[in-house]
Structures are given as structure tokens and as C-alpha cells.
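Here is what each chain is made of, one letter per residue.
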Amino acid sequence: MAKKGSYIVDYFNNRGFFGLSILLLIIFSVIASGNFEVPQRGYGTFHNLATWIQSSDTSCFVAVLCNVVLGVLLVTLNIMFRYIKTYNCFVFAAMFVLLQGINPFLSTRFFAGTALCLVVVVALFFMFEQYGKRGVAAQGIFLVMALLSFFTLYHYVFFLLIPLFVLGFAYMRVMDVRGVFATIFGVLTPYWIALGTGLESFSSFQPPHLSAVWDSVPAFAARGWAITIAIVTVALTVLVTVSNFKTMLNYSVHVRAYNNFFVALAVFVLVMMAVDYNDFLFYMPLLNMCFAIQYGHWYVITPHETRQPVTMWMLVAMLTAFIIAMVIA
């Protein structure tokens, strides 16, 4: 006989709840669209990522689509590599989608932060696939570095992801001399193609720089709300990661390697949010992803008597946060 409350717990961790989270994302995005001015900035070495989509309706549609795709990719990534204890885990992807949905700054416009999160998740598929393939992983390393280097044309932060992924490949036990050369050639190739074919010119080059993107936001209340959400998410990410740490030490070597990278990614996000605080919103999708993954770990290793009420209160808190955002809009 099933334990009391186990049906609710099972529902939170199945496809039905994940589908419901996607539906809520769409509803929240439609309600909030047009009520928030989303800060746009995406300076890279040659282009501005923020200029990709001009239409607000199209931008909202693309943002929702990208967030849904990200949720599906996170589930697929876990099915393939089981970085969470069980491959049959949907609650963390649902949590990510909901965190994106309740924040109108993340769900109503496609912006550089959405692109950053999407590129990182795609790169994870290539990187995790290389685990233990020392000596034959050069092609995978090259592809990841070329992907990151290409997006440096559109946003400077992708430069900073390159050493992070070098660390990631070291976790995967494949970074050797061939990997170093693959990294160098991967970073240089997009620039060699762009400049060598005349698609870009040296005269258009602009060095990476920080900018106070939030200066363009008129409503202080909305900014204060976003800062509060960011602080709470940071605190919860740290709390849940520390709570999971002892259990994750007992995972197999390759699963620990995957999760070591997620912890390193979370540290990267926290440091960048502190350094580039005028553009902290840019890192929020990655922060939401890091929290959601740690929450997934916590969910599957915690007795249902605890995870059921915590998840319920999380959902209530997120709905409350969205209502407050609509009130101050």
C-alpha cells in the first residue's frame, strides 16, 4: 500500500507535472508580456546579441520556446548521463521552467541570458559524451570550443566559459596535449573563418566591456523585485548544494565528474553575478538551472515526508512572486 502523500510526490516527478509547468510558463508569459521592459544588452567582439529580434511578440514567442526546449534538453541530458540519481526525473526540469516562467524578465523577451543557458546545455551533451575517451576526445573538445568561440562574436561572457569548459573536460578525464591543441584551434576557427572570408572586418572589432544595463529600467520596484528573486535563488542554490554534497560523494566516479562541473558552473555564475552586478539578470537562467539540478538531487534522495511539503511551499512561493511582479508592473 502506498504511503500517505506518495501519490502527490510521484505526480511532482512525472511527465504530467512537467507538462503542467510548461503550460504555466506559457500562461505567465502571455499575462506578463508588455508589462515589463526587459533590459537588453549583448555586446560581443563584433555584434550585439540583443538586436537579433526586434518584434516584442516574436521575442516573447522565442523566449517561451527556448525555455521549453531547455527543460526538455535537461531531462534528455539526465536520461542519457544520469547526473541525477535516477534518469526518470522530471521535477527538476519542471522547477527550472517554473522559475523562468515566474520571472517576466526571463520569460517575456528573448535576451542574451537565454542564449547563454541554451548554448551551455547544448555544449554539455558534447562534453559529457567524451567522459573517459582520453586520446580520442579531441573532436568533441574542438566542437565545444568552436561553439563557445562563435558566440563570443555576440557576447563577451562566452570568453569566460572557455576556461570553465577546459576545467570540465579535465573533470571528464580527457584533457591532454591533443585536447589543448583542440581547444586552441576551436577558439581560433570562428574568427579565422569570419575574418578570412570577409564576413567580418578588423575595423568592426570591439573589445569586451561591462555596461550598466539596468540603467535603462525605469521602474525601481521591478528592479528591486528582480534583485530579491536573485538573492533568494542564490541562497537556495547554496543551501541545497551543501545539503547534497555528502550524498553526491557516494556517487560513482563519472557521475561525480558530471556534478563537479555543475558545482563549478554554479560557482562561476555566483562570481559573475557579484562582479558584473549591473547585468546580474543575464546570469539568472543559468542560476535557475543550477538550482533546479541541485533541487532534483535533493528531491530523489530525500524522504517523501519532507520533499512533499517543501515542494508545495516552493510552488506557493513562486506563484506569490509572480503575483507580486504583476502588481508592481
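About the cut-offs
- Residues numbered from 1 in each chain as written.
- Predicted model: local features only at pLDDT ≥ 70, side-chain atom pairs only at ≥ 80, totals over all residues.
- Heavy atoms only, no water.
- Salt bridge = Lys/Arg side-chain N within 4 Å of Asp/Glu carboxyl O.
- Buried < 20%, exposed > 50% of the residue type's maximum accessible area, 1.4 Å probe, protein only.
- Helix = DSSP H or I, 4+ residues; strand = E, 2+ residues; numbered from the N terminus.
- Contact = heavy atoms within 4.5 Å.
- pLDDT = per-residue confidence, 0-100.
- Expected span 1.5 Å × (residues − 1).
- Polar contact = N/O pair within 3.5 Å; in protein donor to acceptor, adjacent residues only side chain to side chain.
- Phe/Tyr/Trp six-rings, centres within 6.5 Å; stacked < 30°, edge-to-face > 60°.
- Lys NZ or Arg CZ within 6 Å of the ring centre and 35° of its normal.

**Details of the pattern of salt bridges**
Okay, step 1: Per the counting criterion, the structure on display carries one salt bridge.
Okay, step 2: The partner of K133 in a salt bridge is E129, with the nearest N and O atoms 3.1 Å apart.
Okay, step 3: Looking at K133, the relative accessible area reads 32%, which means it is partly exposed.
Okay, step 4: The class of E129 is partly exposed, set by a relative accessible area of 36%.

**Structural notes on the side chain of S107**
Okay, step 1: Inspection of the secondary structure assignment puts S107 in helix α5 (residues 104–107).
Okay, step 2: In this structure S107 touches L25, S29, C60, A63, V64, N67, Q100 and G101, once residues within four positions along its chain are discounted.

**Side note on the confidence of the model for the protein chain**
Okay, step 1: Looking at the protein chain, pLDDT values average 87 and 90% of them are 70 or higher.
Okay, step 2: Mean pLDDT values over the elements of the protein chain span from 61, in helix α1 (residues 6–12), up to 96, in helix α4 (residues 91–102).

**Focus: helix α2 (residues 15–32)**
Okay, step 1: In a regular helix each residue adds 1.5 Å, so 18 residues correspond to 26 Å; α2 covers 26 Å between its end C-alpha atoms and thus fits that length.
Okay, step 2: One side-chain oxygen of the residue at the start of α2 lies 2.9 Å from the amide nitrogen of G16, identifying that residue as N14.
Okay, step 3: Among the residues trailing α2, G34 stands out with phi positive, at a value near 90°.

**Some details on the packing of aromatic side chains**
Okay, step 1: Counting across every chain of the model gives 18 aromatic pairs.
Okay, step 2: With centroids separated by 6.4 Å and ring planes inclined at 40°, the aromatic side chains of Y295 and Y299 adopt a geometry described as tilted. Of this pair, Y295 and Y299 both sit in helix α12 (residues 284–301), four residues apart, which is roughly one turn of that helix. Y299 carries the same exposure label as Y295, and that label is buried.
Okay, step 3: Among the aromatic residues, those joined into a cluster by ring pairs are F81, Y83, F92, F128, Y131, Y258 and F262.
Okay, step 4: For the cation-ring pair, R307 lies above Y299, with the distance from its terminal atom to the ring centre recorded as 4.8 Å.

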